[in-house]
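# Secondary and tertiary structure notes
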Amino acid sequence: MAYEINDACISCGACAAECPVSAISEGDSKYVIDPDTCIECGACAGVCPVGAPEQA
Ligand code: SF4
Ligand code: SF4
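Residues numbered from 1 in each chain as written. Chains lettered and ligands numbered in written order. Predicted model: local features only at pLDDT ≥ 70, side-chain atom pairs only at ≥ 80, totals over all residues. Heavy atoms only, no water.

### Structural notes on the site of ligand 2
- Ligand 2 sits among 13 residues. The nearest are C9, C12, G13, C15 and C48.
- Each residue belonging to the shell around ligand 2 can be placed in one class, and the counts come to eleven nonpolar, two polar and no charged. (Near = heavy atom within 4 Å. Nonpolar A, V, L, I, M, F, W, Y, C, P; charged D, E, K, R; others polar.)

As structure tokens, this is what we get:
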């Protein structure tokens, strides 16, 4: 399953910069991952300061 960003996201943008397939974009209240593009590499989870990306 793709990764999902939970409500802990503070919209810092670090994950979007690290995603190798550009699956992450800025949403209304947090960043969001396109599940069809995500290849489950875990890079976003590794750089997030608040642990918001979780494997669904
Ligand atoms: S798990 Fe990897 S491919 Fe999926 S959104 Fe995070 S950085 Fe991008
Ligand atoms: S790195 Fe974490 S806090 Fe920053 S935009 Fe991504 S999910 Fe949100």
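### What about the nonpolar core?
- I5, C15, I24, Y31, I33, C38 and C44 are the most contacted members of the largest nonpolar core, which totals 14 residues.
- Sorting the residues of this core by element identifies β1 (3-5) and β3 (31-33) as the ones contributing at least two each.
- Not counting residues within four places of it along the chain, the set of residues in contact with I5 comprises C15, I24, K30, Y31, V32, I33, A52 and P53. (Core = buried A, V, L, I, M, F, W, Y, C linked by side-chain atoms within 4.5 Å. Buried < 20%, exposed > 50% of the residue type's maximum accessible area, 1.4 Å probe, protein only. Helix = DSSP H or I, 4+ residues; strand = E, 2+ residues; numbered from the N terminus. Contact = heavy atoms within 4.5 Å.)

### Structural notes on the site of ligand 1
- Taken together, 13 residues are adjacent to ligand 1, and C19, C38, C41, G42 and C44 come closest.
- Looking at the shell around ligand 1 residue by residue, the classes come out as eleven nonpolar, one polar and one charged.

Function cannot be read off these values alone, since they describe shape.
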